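Chains, contacts and geometry: an overview
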Amino acid sequence: VLRKQDNQQVKISIGRAAAAMITDGQVVFLDCGNSIQDIARSVSGVKNVTFVVNSVPVMSILLEKFTAGEIDGRAILIGGEMDVHNRFTKGAMVV
């Protein structure tokens, strides 16, 4: 069983609960990982939120939500060395 599939319903529930804590005007950092992707999938209805992200899959989810008008604000992809296998940036430039 892939880690992505382990406790999938629990991860989705956690993602929904975490997304519900995001409110208008906040700056939110989202790291990489399947649970974080669940947060990105669950966030909606927020305005003027700045998402700071180091994960290409998380950024892709957020961009779809911005385009669909589900969220409003800014999305910043942090630069750095790209982990090409896991699709996130890392290293001193990220910090």
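So, a few notes on the structure that sits alongside this text. What you are looking at is a predicted structure, and each value in this text was computed from that prediction instead of being measured. (Residues numbered from 1 in each chain as written. Predicted model: local features only at pLDDT ≥ 70, side-chain atom pairs only at ≥ 80, totals over all residues. Heavy atoms only, no water.)

**Observations concerning the overall build of the protein**
- Of regular secondary structure, the protein possesses 3 helices and 5 strands.
- For the protein, the succession of helices and strands along the chain, N to C, is α-β-α-β-α-β-β-β.
- For a compact globule of 95 residues, the expected C-alpha radius of gyration is about 12 Å, and the protein comes in at 13 Å, within 12% of that figure.
- Referenced to the eigenvectors of the C-alpha coordinate spread, the extents of the protein come out at roughly 35 × 30 × 20 Å.
- Every one of the 95 residues in the protein was classed for burial, and the buried ones make up 35%. (Helix = DSSP H or I, 4+ residues; strand = E, 2+ residues; numbered from the N terminus. Rg over C-alpha atoms; globule rule 2.2 N^0.38 Å. Buried < 20%, exposed > 50% of the residue type's maximum accessible area, 1.4 Å probe, protein only.)

**Considering the pairing of strand 2 (residues 49-53)**
- Judged by how many residues are buried, strand 2 sits mostly within the fold: 5 of 5 residues are covered.
- Judged from the 4 bridges that link them, strand 1 (residues 27-30) and strand 2 form a sheet pairing that is parallel. Each residue of the ladder has a partner; that of Leu30, found in strand 2, is Val53.
- Traced from strand 1 through helix 2 (residues 34-42) to strand 2, the parallel crossover comes out right-handed. (Pairing = 2+ DSSP bridges. Right-handed = clockwise from strand over helix to strand, strands pointing away.)

**Brief notes about unusual backbone geometry**
- The backbone phi angle of Asn48 is positive, close to 55°, even though this residue is not glycine.
- With respect to the helices and strands, the residue Asn48 is situated in the loop between helix 2 and strand 2.
- With a relative accessible area of 56%, Asn48 lands in the exposed category.

**A closer look at the sheet that holds strand 3 (residues 73-77)**
- With parallel pairing, the 3 strands of this open sheet are ordered in space as 1-2-3. Edge positions in the open sheet fall to strand 1 and strand 3, since each of these has one partner strand only. Across the sheet, the axes of successive neighbouring strands diverge by a mean angle of 20°, strand direction being ignored.
- Bridge count between strand 2 and strand 3: 5 bridges; the pairing is parallel. Paired with Val52 across the bridge in strand 3 is Ile76.
- Docked against the sheet, helix 3 (residues 56-67) engages strand 1, strand 2 and strand 3, running at close to 160° with respect to strand 3. (Axes fitted to C-alpha atoms, helices over the stretch in contact; angles between N-to-C directions. Contact = heavy atoms within 4.5 Å.)

**Concerning the packing of aromatic side chains**
- Taken as a whole and judged by the stated rule, the model has 1 aromatic pair.
- Ring centres of Phe51 and Phe66 lie 6.2 Å apart, and the angle between their planes is 80°; on these two criteria the pair is classed as edge-to-face. Here Phe51 is found in strand 2, whereas its partner Phe66 is found in helix 3, with 15 residues between them in sequence. Just as Phe51 is buried, Phe66 falls in that class too. (Phe/Tyr/Trp six-rings, centres within 6.5 Å; stacked < 30°, edge-to-face > 60°.)

**Observations regarding the packing of helix 2 against helix 3**
- In the contact formed by helix 2 and helix 3, the axes pass within 9 Å of each other and the chain directions differ by 5°. As far as their axial angle goes, helix 3 and helix 2 are roughly parallel. Contact residues: Ile36, Gln37, Ala40, Arg41 and Ser42 in helix 2; Pro57, Val58, Ile61, Leu62 and Lys65 in helix 3. (Parallel < 35°, antiparallel > 145°, perpendicular 65-115°, else oblique.)

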